[in-house]
Structures are given as C-alpha cells and as structure tokens.
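Residues per chain are reported as follows:
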Amino acid sequence: MQSATRKLFLFLLTLLSTTALATAQDNVFTGTNTGADRIRIAVSDFKPGAGDTTLKPIFDATLYSDLANAGIFDIVSKSLIPQTTPGTPAEMAIAQWSAAPASAAMVAFGNISVQGGKLITNGFLFDANNAQYPQVLAKQYSDNADENAARQTAHKFADEIIFRLGGGVAGIAETKIFYIHAAGGQKEVWQMDYDGANQHAVTHLGAISLSPRISPDNTRVAFSSLGRDGFQIRMYSLLLNRMVNFSAAGGTNLSPAWSPDGRSIAYSSSRSGDPEIWISDTNGAIARRITSFKGPDVSPVFNPKTGAQIAWISGRTGLPQLYIMDTDGSGVQRMTDGGYATSPSWSPNGQFVAFAWNRKYGPGAPGGQDIYVMEVASKRWIQLTHDGGRCDFPSWSPDGRHIAYANTADGRDEHMKIWTMLADGTQKHALSSTGGDMPNWSWK
Amino acid sequence: MNVAATRLFKSPVLLASLLTLSLATGCHKKQGPDPNSIGPVTAPSAPAPTASITADPLSIDLGQSVVLNWRSQNANVVTIDGIGQVNVNGTQTVSPSNSTNFHLTAKGDGGTVEANVRVTVNVPVAPTPPPADASNSGGDLGSDSAFHQNVPDVFFDYDSFELRPDATTAASQAAAYLTAHPAIRVIIDGYCDNRGSAEYNLALGENRANSAKSALVSAGIAASRIRVVSFGKEKQFCSDETESCWQQNRRAQFSIDR
C-alpha cells in the first residue's frame, strides 16, 4: 500500500518536473517554497565606523548565515557582489547590485560602530528593482559591545528581513534550541542559539536527564531525570535559574510535552504498572490517564495549532508505531503501517508530523533510522534523511521551515550530534559537536 | 571455590542468631546430670557430650584460608554442615567464598550438642554497603552472590517484554528463595539494547521489569517488596554491535533493595 503510494508520488514528481513548472514543489508540500521563486538577495558586508571593529566580522557572518539558512532566499555569492561597501542609503548605487552578475532583487547593507561602549548598528534593506524608492526597511540597533550582542543584533535584523520577505512568517534567528549534552556519564540540559552558537549548560544535576521540552513562553524547561526511583519529570525555571516543583509519581515518568497554551503537560507515566500517556497541569497535579492499552506508550506531542490532538508512539501491537488521538483519548488513528517509528514532532501549522522511522527495522535487516515527514490528513510521507547514519528526535522550528534532529554517522550513541535542515531535507548542517542529543526548538 | 563452602551457603543461613553463642556453648551446657536423662527409661549414667569449634582467623579476605579447630567430649558422631562427618577432635583448613556459619553437631549417648563459628569473608570486588535504612537491618538479607544465584537476571527477545519459558522457571525458583528470605526487598532494573530510540526503550524497559515483577507476584511474593526502575538504553552492560551483546542488554536485572 505504502510502496504503491510512493510510486505514485515518484510518478507525480516526474510529471511535475517534466512539465517545467516555475516552482519546484515538494511532493508533500512543506511550505518551504511558499509563493514565488526564492527571492535573490545580496548581503553586503557592513561598513565599519568608529571604535572596536572586531565585532563587525561576527555581525557580517551571522547576518549572512541567517539569511542563507532562512530557506526562502537565493543568496548572492559574495564573489559576485560589487566591491564597494555602502554604509548608508546615500552611498548605495543600487544599479550596480541589480545588474549582472549580482542580479540581486534585494540588498541588505548598513554600518556598524562602537560609540560610548555601545554597539550601534544601522541596517537597510533595498529593493534593487525599484530605482526610484528602493528603501524597504531601515533599522537602528544599540546593544552592548560584545560578541553575543553582535550576533543577537544580526539575528534581529535578519528576522526583520525574513518577516518582510517571507510571507509574514516571523523569522527564527532569535530562537533557541534546548538539547541534551552528554559528557562523563552524565547528561545535562543545555541550550544554544538556533545556529549552534552560544552553547551552554542549563542544568547541573549530575544525573542522566533526557527529553528537554521548552515551554511555549520560554520560561520553563520540562525534562525527565534519573533518580533513585527511576525517571521522573523535572521542571527548571529559566526565570529563577533553579529547579521548581513537579510532583513525582510512581513508576517511570518520561517524555514531557507542553500544550500550546502552556497549561498542561502530557507525558508517559507507568504509575499504573504500564507506560501510558497522562496529562497533568504544569506542577504534575490533576493527572489523568488517556491511553489504556498494554505496552509502551511514550513521546506524546500536542498539535501546536489546535492543542486538541496528541501524536505519540505506541508499542501496543508490537514494534512502536506513530498514532494520533484527541486529548481526551478518543479518535485513535494509527499513522504508520510498519517498521519502527519513534520521536514525533508536530509542525507549528498542524499539518505535518516529523518523526524517526526505520521502515525495515528488525534483527539483521538492512536500512536505517531516518527522519520522515507525514502529512496528517493524507498520511502521505516523504523521507528527509538518507544513508547518513541513525537519525532521531526531529524538532520543528516555529516557522515550520526547519527541522533540527540528532544524527550519529556510525550509529553509536556517544557520537550523536545535533543537525538542522530545511523541512524539505535540504541544507543539512551540524550545529553541535558530539555529545549533543534530543534537540527541542523553542516555540518563539 | 571450596565445594563444601558452596554447599554450606546454599543451605539457609538462619543460624546467625546463634552466633554469639558460638564459643561459649560448651560452657553454658550443664556439666551435671542432664535433666533429660533423669527420666526412667534412658540410661542414667551416660554423660552429656560437649563440643566447641573455633576458627583462626575469624575474618579473612576472599581467597585466603581459615583453620577450623574443634574439640568434643563424650561424643560418638561429630558432623560439620557442608563438610560432613569428621573426627571427634580435629582441625581442617577451608577457604569459604562467602561469609559462612560453620555449624558443628556432636551426638553422644548422653544427647546432642551444637556449636557454631562464623567466618567473615571480605569480598573486595563487591563490598556490601551498610543497610540504607533501619527497616532492613533487622532481617537476614543473605549474601549478594546467593541472591544472584537464586534470583538470576531474566532476558528478553528483541522488542519484547514477554517472559520466555526459561524465565518463567527462573521466576518460581526466585520466588522460593525470596519466600525463605522475607527480609529481602527486591529492585528490578529494566534494560534494553542500544538499538532504537531512547524514550521508547525506557518505556519498554519499564514493561520488561514489570513483567518480571508480575511473575514474582503471581508466585506469591508481595508486590510491596518489589521496586521497579527502568534504565532503557542508559547505562548499558556492554556496547558492542553484536547479537550477544544486545541480548545481554535486553534484560530485567534483580538486586537487593537496600
């Protein structure tokens, strides 16, 4: 059945490409290529002003990387752009940029300086095809004169450009990724910027912690941690910088998930003797059970668009499969037809579920565990990773254009790294060194 | 390992309470007429036997030997549990692998007398931690090796938490040992091999440990004596990518809950 569907996809894909459509579309439409062709944008190095100039290369590299990774731009190679460095609109000769070889439709430029201990940045976005009134955007930023501020300023300016040119969807350059950092037999919750910069520890429990999940308002991280009585859900406040209460329950408690309103946590609990999906408030109180089949039930995730459905993994029929149900436990649908499916992540628009799937799983069987995206309504899917070693724990970015995931090229857990890619499987690159696992992208 | 000592620790080690009597037994025995012999039937003249047993040293490290020395009077048959019938007076060198109670029984015409000596063996690889809480300290927990011999780990098939037939047999043996040692509380750890996903494996490990728990509960062990912890694929026993290694990781492991 599934292979027949897949053949149909391949056929349709061939049909689409042979009819030479202007936009190459995914066979499952992930939104990566929304609208027209990717906008061709040129990013000029910013013109250095007074003061410390060591921060300028950091700013330039971050801005270029943000726009190149946004998934909506065709970025002009730096070797093709004019050799001038315009710092202000008056210095901008837009015709040079719209002409070949740059052929840019948009140009981002500006100037950066340090004045009175502050990093002052002026950024502009020009429409190269509108010679008379080219200015689209002008922003001024003032922040501390340090590396982190230089990166954050670049992220803010990039997000402004992406928001203007990306169909009104907010950019993700200011978002964070929470993940597990393994070292010395311990696993702690860490956090980094979306581009892999600024990696640092959040918890210092000296224990094995897993499955970090950031709250929708970025104030708390729920995770599970191994104590004397096994794994329990724990809660860390990013405002108080300390652990806060989440009531312990019997049995193994793991894989918490926030509801989009931030008021509930769904997780797997075996307090009844069998791992089932439970939902409680954010203190662990008022817990109710919503599954009741023998066998492992884990890794719930809310539909972030509606908050009314949960995708999760169940081993009720043997190998773990992807299921979807309403939050009251009704309307159970099995989504995968075989193999070994784990680690769902529901896309922000509610349309897709990304998950890890080994379709040939079994002793001695060939094939690997890769990241897939399934359209919930049709159960059609596409494979995003191929032959790159074991992949797990996909996590959608809030704009739905990116997926972070964990990958180990040789299959060994200790070599796990965090990667990111566009939601159509392109532009893969590593964010962390080895020891990074279980990424969870912040909601905003 | 000394064969006699092995058999010794298999027998219930319930004589710990007699330990304090070990060397003094003979002294406390009445030296005068045995009250039992005052009856009209038995020969009034046979004196009661006396017996004592000592060990030197009383505490050894694993692998070292200890000299048992016993003396008896008025006894015809002297036996030491695990060694068998011995001379009425004698010495023997033994190398017990675990802390052992040497229990001597002397039978004579005038009756039967017992003597004990306990040899403490310090096992360097697995030092026994002191009891974690007072509730356990009163009972006899047995030794760790006796526990592991009678309550072996149970292994599971790939992605399964059903007990295999061999595991079911092992569970009834384990239940018998636990019934004989009511002070022992058990912790069952569930483990999985390193394939598949961490979160799912934690739930699977929980199901495995609970399967083992259910088998013990059905065999009559109170559920309140059993604690279950799943480790999933964390803390692997071995890390090779082979079926034998995976099999060793797919298990429910029993240990004494201290």
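What counts and what doesn't
- Residues numbered from 1 in each chain as written.
- Chains lettered and ligands numbered in written order.
- Predicted model: local features only at pLDDT ≥ 70, side-chain atom pairs only at ≥ 80, totals over all residues.
- Heavy atoms only, no water.
- Salt bridge = Lys/Arg side-chain N within 4 Å of Asp/Glu carboxyl O.
- Helix = DSSP H or I, 4+ residues; strand = E, 2+ residues; numbered from the N terminus.
- Buried < 20%, exposed > 50% of the residue type's maximum accessible area, 1.4 Å probe, protein only.
- Pairing = 2+ DSSP bridges.
- Contact = heavy atoms within 4.5 Å.
- Axes fitted to C-alpha atoms, helices over the stretch in contact; angles between N-to-C directions.
- Domains from an automatic or database assignment.
- Buried area = accessible area lost by both parts, 1.4 Å probe.
- Polar contact = N/O pair within 3.5 Å; in protein donor to acceptor, adjacent residues only side chain to side chain.

Caption draft 1: Summary view of the pattern of salt bridges. This structure, assessed with the given rule, holds 25 salt bridges over all chains. Note that Asp45(A) is salt-bridged to Lys78(A), the shortest N-O span being 2.6 Å. Taken together, the positions of Asp45(A) in the loop between strand E1 (39–43) and strand E2 (47–48) and Lys78(A) in the loop between strand E3 (73–75) and helix H3 (94–98) put the pair 33 residues apart, joining distant regions of the chain. The class for Lys78(A) is partly exposed, based on a relative accessible area of 35%. Among the ionic pairs, Asp153(B) bridges to Arg251(B), the shortest N-O distance being 4.0 Å. One end of the pair, Asp153(B), is in the loop between helix H4 (144–150) and strand E9 (154–155); the other, Arg251(B), is in strand E12 (residues 251–256), and 98 residues separate them in sequence. Overall, Asp153(B) belongs to the partly exposed group, its relative accessible area being 27%. The exposure class assigned to Arg251(B) is buried, which follows from its relative accessible area of 4%.

Caption draft 2: Looking closely at the sheet that holds E12(B). Residues and elements named next belong to chain B. The sheet built from four strands is open, its strands ordered E9-E12-E10-E11 with mixed pairing. Every other strand in the sheet has two partners, leaving E9 and strand E11 (226–232) as the edge strands with one partner each. In the sheet, strand E10 (residues 186–191) pairs with E11 via six bridges, with the strands oriented parallel. Counted as the bridge partner of Val186 is Ile226 from E11. Across the sheet, helix H6 (residues 198–218) touches E9, E10, E11 and E12, and the angle it forms with E11 is around 155°.

Caption draft 3: Structural context of the domain arrangement of chain A. All names here are of chain A. Domain annotation of chain A identifies domain 1 (39–166) and domain 2 (176–441). For domain 1 and domain 2, the distance between their C-alpha centroids amounts to 36 Å. In this assembly, 14 residues from domain 1 lie in contact with 11 residues from domain 2. Taking both sides of the interface into account, the surface hidden between domain 1 and domain 2 amounts to around 870 Å²; carbon and sulfur atoms contribute 36%. Taken as a group, Asn69, Arg151 and His155 account for 42% of the area that domain 1 buries against domain 2, more than any other trio of residues on that side. At the junction of domain 1 and domain 2, the tally comes to zero salt bridges. There are five residue pairs in polar contact (both at pLDDT 80 or more) connecting domain 1 and domain 2. The set of elements that each furnish at least two residues to the side of domain 1 that touches domain 2 consists of helix H2 (55–68) and helix H4 (147–165). For the side of domain 1 that touches domain 2, the leading source of residues is H4, giving five residues.

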